[in-house]
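Structure assessment
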Amino acid sequence: MTRTLPLATVALAAALSFATGSACAQAAGKLKVGFMLPYSGTFAALGNSIENGFRLYVNEQGGKLGGREIEFFKVDDESEPSKATDNVNKLIKRDQVDVIVGTVHSGVAMAMAKAAKDTNTLLIVPNAGADAVTGVMCAPNIVRSSFSNWQPAFAMGKVAAEKGAKKAITVTWNYAAGNESVKGFAEAFEKGGGKVVKDLNVPFPNVEFQALLTEIAAQKPDAVYAFFAGGGAVKFVKDYAAAGLNKTIPLYGPGFLTDGTLEAQGAAAQGMLTTLHYADNLDTPRNNAFRKGYALTYKANADVYAVQGYDAAQILAAGLNAVKGDLAKRDILTTAMRKVTVDSPRGKFTISPAGNPVQDVYLREAKGNNNEYRAVAVKALADPARGCKL
Ligand code: PHB
C-alpha cells in the first residue's frame, strides 16, 4: 500500500531542503572580515597602513584565504573607547562577520576583546598592545599579530640602562598603552640600575606638551622615555627638538615614536634610538619583497603597522588553511592560528600560548626616512602574559 504524504509535509520538506542547501552555499561562500580601525583622528594613518598590509597579503594569495574569497566590512572606531562596544557590535551583530581585525588603541581593543569573548567571535589584534588582551583577558579565539605594550618598552629600558643612563623621566598619554609602556620601561631600566624619577602625562589625544617640556628642562634627567604614536608622535618629537632638549637629553621610546612619521618629523627625529619588532631596512628577501610590493601597490613606504596588518592576514590564513576554509572546525582553526610560525617581514616569529608574538625586538636609529636596524635589543622576547589562564 502506498501512503500519500499530506501536502503540507511535502512543502515543509521542500522548504527544509532549500534552507539546508542555502546554508551549505553560504559556508563555501565569501568569508566576512570586519576591519575595526581608526580611519580618523591621531591614529588614522596607522589604521590605513594596517588595512593596506592585510589586503596586500590577501591579494598576493589571489584574493582568497583558505580557498575562500573575502568580503570586507569596515567601521571607523575613532580611537574612542566610549563608542567601542557599539562599534564592535556593528560588525558582530549587524554585519555578522566571521572574523574581526582591530584595532590600534588599547582602550578600544579591550572593549573589543570583551565582546569577542562574550560572543566567541574570532579576533585578530593588528596593533593595540593592551597587556590584558593576551593577559587576564586571553582566550583561544583572540590572537595578536603585533606586540604587547610591555615588549618594546622592556627592551628600551634595558638599552637605556646599558647606555649608562641613571635618571629618567617618562612622558605619555594617560591611557592603557602609555601607562603600560612606561611601566615596562621602568621594569627593565630599574633592573639595570637606573631610576625613573618622574612620570609625566597628558590626556589622550592631547598634544599640548609645553608644560611637560618645561618640567623636563628643569629636572635635567639623563634620558627621557616617551610613548606617543601617529600624529601625537610627530608633534612631540618636533616640540622636543624645538625646545632644544634633543641636544642634551636623549629622547628614547618604543619605535612608535618614529614609525610612519619620519617624513613629517624631518630633522627633529634624525639619530633617534628606539626599540621595536621591525626595522625598515632589514635586508632579507622577505622584507625586501614585502616593501617592494607595498610601495608598488600603495605608492607609500611600508611601516610597522603595515607589517602587522600583513601578518594578521598570514595568521588568519594559517587557521583557514588548516580547515580548508571551514569555520565550523573551530578548534582546529584556532589551534593552527597559535601553532603557526609566521614568515614575517620583521623576521620569523611564533605565537605564545596566550596569543601574543614571541619576537626579536630591535634597536633602531632614525636615518632619513628609515628606522634603520642597529642591533637585536632582546632576542625572542615573550610577554609575561600576567594573569592569562587558559
Ligand atoms: C595602543 O593604544 O596600544 C597603541 C597605539 C598606537 C601605537 C602603539 C600602541 O603605535
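On a predicted model such as this, the values are computed, not experimentally measured, just so you know.

What counts as what
Residues numbered from 1 in each chain as written. Predicted model: local features only at pLDDT ≥ 70, side-chain atom pairs only at ≥ 80, totals over all residues. Heavy atoms only, no water. Pairing = 2+ DSSP bridges. Helix = DSSP H or I, 4+ residues; strand = E, 2+ residues; numbered from the N terminus. Near = heavy atom within 4 Å. Polar contact = N/O pair within 3.5 Å; in protein donor to acceptor, adjacent residues only side chain to side chain. Areas by Shrake-Rupley, 256 points an atom, 1.4 Å probe, with all protein chains shown as cover. Nonpolar A, V, L, I, M, F, W, Y, C, P; charged D, E, K, R; others polar. Domains from an automatic or database assignment. Axes fitted to C-alpha atoms, helices over the stretch in contact; angles between N-to-C directions. Parallel < 35°, antiparallel > 145°, perpendicular 65-115°, else oblique. Contact = heavy atoms within 4.5 Å. Phe/Tyr/Trp six-rings, centres within 6.5 Å; stacked < 30°, edge-to-face > 60°. Buried < 20%, exposed > 50% of the residue type's maximum accessible area, 1.4 Å probe, protein only. Lys NZ or Arg CZ within 6 Å of the ring centre and 35° of its normal. Core = buried A, V, L, I, M, F, W, Y, C linked by side-chain atoms within 4.5 Å.

1. Examining the pairing of strand 10 (residues 251–254)
Strand direction decides the pairing type here: strand 9 (residues 223–227) and strand 10, joined by 2 bridges, are parallel. Note on strand 10: the bridge partner recorded for Val224 is Leu251. Where strand 10 and strand 11 (residues 273–276) come together, 2 bridges link them in parallel fashion. The partner of Pro254 across the bridge, within strand 11, is Thr275.

2. Remarks on the site of the ligand
Close to the ligand lie 16 residues; Val104, Ser106, Gly129, Tyr175 and Tyr305 are nearest. Between the ligand and Gly129 there is a distance of 3.0 Å, counted from an oxygen atom to a backbone nitrogen or oxygen. Measuring from an oxygen atom of the ligand, one finds a side-chain N or O atom of Tyr305 at 2.8 Å. Here the ligand loses 100% of its free accessible area of 280 Å² to cover by the protein chains. The residue inventory of the shell around the ligand, partitioned by class, reads 11 nonpolar, 5 polar and no charged. Looking at which domains feed residues into the shell around the ligand, each of domain 1 (28–147 + 282–355) and domain 2 (150–276) supplies at least three.

3. Notes on the packing of helix 2 (residues 44–60) against helix 10 (residues 285–298)
The contact between helix 2 and helix 10 brings their axes to 11 Å, and the two run at 110°. When the interaxial angle is binned, helix 2 and helix 10 end up roughly perpendicular. Contacts between helix 2 and helix 10 involve Ser49, Asn52, Gly53, Arg55 and Leu56 from the first element and Phe290, Gly293, Tyr294, Thr297 and Tyr298 from the second. Looking at side-chain class alone, the contact of helix 2 with helix 10 contains 4 nonpolar, 5 polar and 1 charged residues.

4. Describing the side chain of Ser49
Along the chain, the position of Ser49 falls in helix 2. Ser49 has contacts with Tyr294, Asp303, Tyr305 and Ala306, leaving out every residue within four places of it along the chain.

5. Examining the packing of aromatic side chains
Two descriptors summarise a pair of aromatic rings, namely the distance from one centre to the other and the angle between the planes of the rings. Applying the stated criterion across every chain, the model contains 25 aromatic pairs. Ring centres 5.0 Å apart and planes at 40° place the aromatic pair Tyr175 and Phe204 in the tilted group. Of this pair, Tyr175 sits in the loop between strand 7 (167–173) and helix 6 (176–191) while Phe204 sits in the loop between strand 8 (195–202) and helix 7 (210–219); the two residues are 29 residues apart in sequence, bridging distant segments of the chain. Classification of Tyr175 by relative accessible area gives buried; the value is 10%. By way of ring pairs, the aromatic residues Phe43, Phe147, Trp173, Tyr175, Phe204, Phe209, Phe227, Phe228, Phe236, Tyr240, Phe256 and Tyr305 are connected into one cluster. Residue placement shows Arg55 over the ring face of Phe72; its charged tip is 4.2 Å from the ring centre. Taking the ring centre of Tyr39 as reference, the NZ or CZ of Lys74 above it sits at 4.5 Å.

6. A few points about the nonpolar core
Within soluble globular proteins, side chains that are nonpolar generally end up buried alongside one another. Judged by nonpolar contacts, the single largest core of 79 residues is most densely connected at Ile216 and Phe228. Per-element accounting of this core gives the leading share, 12 residues, to helix 11 (residues 304–322). Here this core spans two domains, since at least three of its residues come from each of domain 1 (28–147 + 282–355) and domain 2 (150–276). Excluding residues that lie within four positions of it along the chain, Phe228 makes contacts with Val171, Thr172, Trp173, Val202, Phe209, Ala233, Phe236, Phe256 and Leu257. Core analysis: the next-biggest nonpolar cluster, separate from the first, contains 25 residues, Val108, Ala109, Met112 and Ala130 among them.

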